[in-house]
Amino acid sequence: MSEPKKMKTLKDFFKNESVNSAIINQDLSQNLFPGSSYENDTNLESELNSSDDRDPALNKHAYSFMKNNFGPYQPRECKFPKVNGRVFRVEWYSLYNWLEYSVINSSAYCFYCRCFPPANKNAENSFTLIGFKSWHRANKAFSNHEKSISHKESCAKMAGFHSSNQVGSIATIIDTNYKESVKKNRQYITILLDNLLFCCRQGIPIRGHDESIESSNQWRL
């Protein structure tokens, strides 16, 4: 004799649906931080352990280095060669916290703009791809770069990244709020449907509490 089928309850009609945080994180990250590098590199761990591989002239994984708590590459003990009779000054590191120096091509770069390249790829190339080495006008060039729109955009994205690490990403907050909202709504609708089914089984009419002649809700469900 076959077993009787189990009667379904209201909760069986609700499917467990949740927002895919990984997908949201990826989509939001690409929208909030366009141009940054998100790819996984099997050689990244070994590169992180080697200071030479962090040289900005190699144009490698600036975003990945930043994610692993590395800041601008700022060598101090190396020999700074002269360019047109001028040399790079270590004091500039203190004046411009985004500044980094390449030992490979003796040039300066912007760490923030390398982590979050500007939307206009041709903007500020000397601080992201080519490197800056005109030391005789360095202070003016550094100041102008710091005031540029592209640099300010990169700084805003950098600040947003660090803020999301402290308070949680937008995707995580959205996902948590969504799940909590769905949970509460399911509780409400379950209670309403349970009451409705009870009234149906008992033959109780579903009417308002006031059925007097003066009631505007007379004879309504």
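Whatever comes next refers back to the structure up there.
Every chain's residues receive numbers from 1 upward, in the order its sequence appears when written. Only residues with pLDDT of 70 or above have their local features reported here, since the model is predicted, and side-chain atom pairs are shown and tallied only from 80 upward, although totals for entire chains, interfaces and linings are computed over all residues. Processing note: side-chain calculations cover all non-hydrogen atoms of the structure and skip hydrogens and water entirely.

(A) Representation of the pairing of strand S1 (residues 99-102) within the structure. For every residue, the accessible area (1.4 Å probe, protein chains only) is compared with the maximum for its type, and the residue is labelled buried under 20%, exposed over 50%, or partly exposed between those bounds. Secondary structure is summarised from DSSP: a helix means a run of H or I of at least four residues, a strand means a run of E of at least two, and numbering begins at the N terminus for each. Judged by which residues are buried, S1 turns out to be covered on both faces: Leu99 and Tyr101 on one side and Glu100 and Ser102 on the other are all buried. Two strands qualify as a pair provided that DSSP identifies no fewer than 2 bridges between them. In the sheet, S1 pairs with strand S2 (residues 107-110) via four bridges, with the strands oriented antiparallel. When the bridges of S2 are listed, Leu99 appears paired with Cys110. Two successive antiparallel strands, S1 and S2, enclose a turn made up of four residues, where Ser106 displays a positive phi of approximately 50 degrees.

(B) Broad picture of the packing of aromatic side chains. The criterion for an aromatic pair is that two Phe, Tyr or Trp rings (for Trp, the six-membered ring) have centres within 6.5 Å, with stacked assigned to planes under 30 degrees apart, edge-to-face to planes over 60 apart and tilted to the rest. Taken as a whole and judged by the stated rule, the model has 20 aromatic pairs. The interplanar angle of 70 degrees and the centroid separation of 5.8 Å between the aromatic rings of Tyr63 and Phe161 together place this pair among those described as edge-to-face. Linking Tyr63 in helix H3 (residues 62-67) with Phe161 in helix H7 (residues 149-167), this pair joins segments that are 98 residues apart in sequence. The class of Tyr63 is buried, set by a relative accessible area of 4%. Aromatic rings pair up to connect Phe80, Phe88, Trp92, Tyr93, Tyr96, Trp98, Tyr101, Phe127, Phe132, Trp135 and Phe142 into one cluster.

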